[in-house]
Amino acid sequence: MEPGGCDMGPAVKAVAAVLPAGGSGERLGGATPKQFCAVQGRPLVSYTVRAMERVSWISDIIVVVSPENIETMKSIIKKYGHQRVTVAEGGITRHRSIFNGLKLFSENEFSNCLLQKPEVVIIHDAVRPFVEEDILRKVVMAAKEYGAAGAIRPLVSTVIASAADGCLDHSLERARYRASEMPQAFLFDVIYQAYQQCTDYDLDYGTECLHLALKYCKTNAKLVEGTADLWKVTYKRDLYAAESIIKDSLSQQICIITDAKEAVVQVGFLLHESLRSQIKVEAVSVSLSKCDSHLQNTFSGQCYNFVCINDNKYAIEEIQQLVDMLEESNVPLLHPVILISVHLNSSENTSFSIDLEELTRMKKFAREVKRKNILVYGLLIQHKFSRLPSLKRWSDGSVKTAEIMKRIEYSGIKKDNIK
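Residues numbered from 1 in each chain as written. Predicted model: local features only at pLDDT ≥ 70, side-chain atom pairs only at ≥ 80, totals over all residues. Heavy atoms only, no water.

The protein goes by D-ribitol-5-phosphate cytidylyltransferase in an unreviewed UniProt entry, where it is assigned to Coturnix japonica. Among the UniProt annotations of the protein, the heading Pathway (unreviewed entry) holds the following wording: "Protein modification; protein glycosylation." Recorded under Sequence similarities (unreviewed entry), the UniProt text for the protein is reproduced unchanged: "Belongs to the IspD/TarI cytidylyltransferase family. IspD subfamily." (UniProt positions renumbered as here; feature names shortened; annotations may be inferred.)

(A) Summary view of the packing of aromatic side chains. In the structure shown here, the tally under the stated rule is six aromatic pairs. Relative to Tyr-205, the ring of Tyr-201 lies with its centre 4.9 Å away and its plane at 40°, an arrangement referred to as tilted. On the criterion of helical spacing, the pair formed by Tyr-201 and Tyr-205 is a turn pair, its members being four residues apart in helix H6 (residues 200-205). For the pair Tyr-201 and Tyr-205, one class covers both residues: exposed. Three or more aromatic residues link up through ring pairs in this structure, and these residues are Phe-99, Phe-105, Phe-188, Tyr-192 and Tyr-195. In this structure, Arg-42 is placed above the aromatic ring of Tyr-47, and the distance from its NZ or CZ to the ring centre is 5.4 Å. A cation over a ring is seen here: Lys-103 above Phe-99, with NZ or CZ 4.2 Å from the ring centre. (Phe/Tyr/Trp six-rings, centres within 6.5 Å; stacked < 30°, edge-to-face > 60°. Helix = DSSP H or I, 4+ residues; strand = E, 2+ residues; numbered from the N terminus. Buried < 20%, exposed > 50% of the residue type's maximum accessible area, 1.4 Å probe, protein only. Lys NZ or Arg CZ within 6 Å of the ring centre and 35° of its normal.)

(B) Structural detail: the pairing of strand S1 (residues 15-20). Here S1 lies mainly inside the structure; six of its six residues are buried. Here S1 shows two buried faces, one formed by Val-15, Ala-17 and Leu-19 and the other by Ala-16, Val-18 and Pro-20. Sheet topology note: the S1/strand S6 (residues 120-123) ladder contains four bridges and is parallel. Paired with Val-15 across the strands is Val-120, a residue of S6. Inspection of the sheet shows S1 paired to strand S4 (residues 58-65) by six bridges, in the parallel sense. By the bridge assignment for S4, Ala-16 is matched with Asp-60. (Pairing = 2+ DSSP bridges.)

Next comes the structure, spelled out in structure tokens:
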């Protein structure tokens, strides 16, 4: 990315990410490595890849897996439509796997076609799925300035040392120490040179990338305070916690779909601006087509809620098409998915109404898809064609849209009088 090429991205020429995913998952206690365990019907590693994909200024994502899991990872990439992702063969240890991932940018023997060498590379565990763009930006900018940077968190427990006889020897003053977390970021040349100079002992027994940059390149990392959601899935109980967090976040994400008409597209933009302070608006599409790669990536990614905006009198066919596409995508609907049909009426006739037959048909359709865990709502917006609603005037309608979505709970649906 060129400096200033995107207002939301850091002023760095190119940024790539390396995700080590070669662990065996022994501490999880199951036959399946934790990165491939299903959470809400989707492998954990896919959530982490998706978190990186959502960041437009990350050019390449390298997932490093053990040799026996290469085909598994490739099938995940294909099934969920991941973009900008390359699979690398891991080594027998974490450091060797990361080194192999970095080699894809510099050594022909590890890649048929070398990827663009980044200015800054992010290293992030594949089993930390909840990383947000803000912390990624912070560590990248700090790495740009200092050469290396990493997220940290306060220690939860006091660290103690035992003596040879198994009794307490001493404890550390907890306030002076921090837990090293991910993501970490480095100037590519710094971390690559560090790995090139590593001893076999470092590669086989070390775990801290920041330490390698300090030891071999004299690069002292900038420590960036991270958020509580950077934790790592390690034990089986962590999978249950991850599932709970994913459920909660899914219910607050929406995709806005419009047609290509200027008035409808502008209303979609206004809705996006009004809603984003209340709920997470992840995607805006201007097509409802099976050929729309943007929409297909949304289906294969997180299972969003949807707002369809149109200026047709009846939109049940559009909603039916969206339901069909959802079913064909095989997204597991383990929680209620909300489809809100917003009809934009620009008629001068303020007494616009829907005939009884059509209303009955819409209600029947809503009852049928409810059995599939899909909830259909309708919202009518009346305005004059010559003057689109301002953000202030639009806010009442968008608040109702947000309220509809926030009424959804996983134990069931709360009754509400929203019309």
